[in-house]
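What follows is the residue order along each chain.
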Amino acid sequence: MKPKNQKAIDCAVQHINTFYHQFWDGKTAEFGEPCCDCKYVNECGFDFLSVIDPLLRKSTVPFSMRSSNTSASAR
């Protein structure tokens, strides 16, 4: 039996795995790359944030797509 949020779990792990490998290869995170081989891409249309939303809502870790770099606000 699959967990209720299996798609969200798969999506989050797919992104973490890809970003981990991008980091170790010295690359900048490419947010679309994890979706290239995803079995759900036709369902979500690359909107990974909406897919992982059930996990984000239950998490006690704050999440924001804003840069924590203060110099980014000057751009």
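Refer to the structure above for everything that follows.
These remarks concern the structure in this document. (Residues numbered from 1 in each chain as written. Predicted model: local features only at pLDDT ≥ 70, side-chain atom pairs only at ≥ 80, totals over all residues. Heavy atoms only, no water.)

**Looking at the packing of helix α1 (residues 6-24) against helix α3 (residues 48-58)**
Then step 1. At a closest axis distance of 8 Å, the pairing of α1 and α3 adopts a crossing angle of 115°. Taken as a pair, α1 and α3 cross one another with a handedness that is left-handed. Facing α1, whose interface residues are K7, A8, I9, C11, A12 and H15, α3 presents F48, V51, I52, P54 and L55.
Then step 2. Of the residues in the contact of α1 with α3, the class split is nine nonpolar, one polar and one charged. (Axes fitted to C-alpha atoms, helices over the stretch in contact; angles between N-to-C directions. Helix = DSSP H or I, 4+ residues; strand = E, 2+ residues; numbered from the N terminus. Left-handed = near helix turned anticlockwise from the far one by under 90°. Contact = heavy atoms within 4.5 Å. Nonpolar A, V, L, I, M, F, W, Y, C, P; charged D, E, K, R; others polar.)

**Comments concerning unusual backbone geometry**
A negative phi angle is the norm for most residues apart from glycine, just as the trans form is the norm for most peptide bonds.
Then step 1. Not every positive phi belongs to a glycine, and F46 is a case in point at roughly 70°.
Then step 2. Tracing the sequence through the fold places F46 in the loop between α2 (41-44) and α3.

**Quick word on the nonpolar core**
Then step 1. C11, A12, C44, F48, V51 and I52 form the largest nonpolar core, which has six residues in total.
Then step 2. For this core, the elements supplying multiple residues, two or more each, are α1 and α3.
Then step 3. At three residues, the largest contribution of residues to this core is made by α3.
Then step 4. Look past the residues within four positions of C11 in its chain and what remains in contact with it is F48, V51 and I52. (Core = buried A, V, L, I, M, F, W, Y, C linked by side-chain atoms within 4.5 Å. Buried < 20%, exposed > 50% of the residue type's maximum accessible area, 1.4 Å probe, protein only.)

**Here we look at the pattern of salt bridges**
Then step 1. This structure, assessed with the given rule, holds two salt bridges.
Then step 2. Taking the shortest distance from any N to any O, the salt bridge between E43 and K7 comes out at 2.6 Å. Here E43 is found in helix α2, whereas its partner K7 is found in helix α1, with 36 residues between them in sequence.
Then step 3. A relative accessible area of 55% means that E43 is categorised as exposed. (Salt bridge = Lys/Arg side-chain N within 4 Å of Asp/Glu carboxyl O.)

**Focus: the environment of V41**
Then step 1. You can see V41 is positioned in helix α2.
Then step 2. Its relative accessible area of 18% is what places V41 among the buried residues.
Then step 3. The spacing of V41 and C11 is 30 residues in sequence and 9.7 Å in space, taken between C-alpha atoms.
Then step 4. Ignoring anything within four residues of it in the chain, the contact list for V41 reads C35 and F46.

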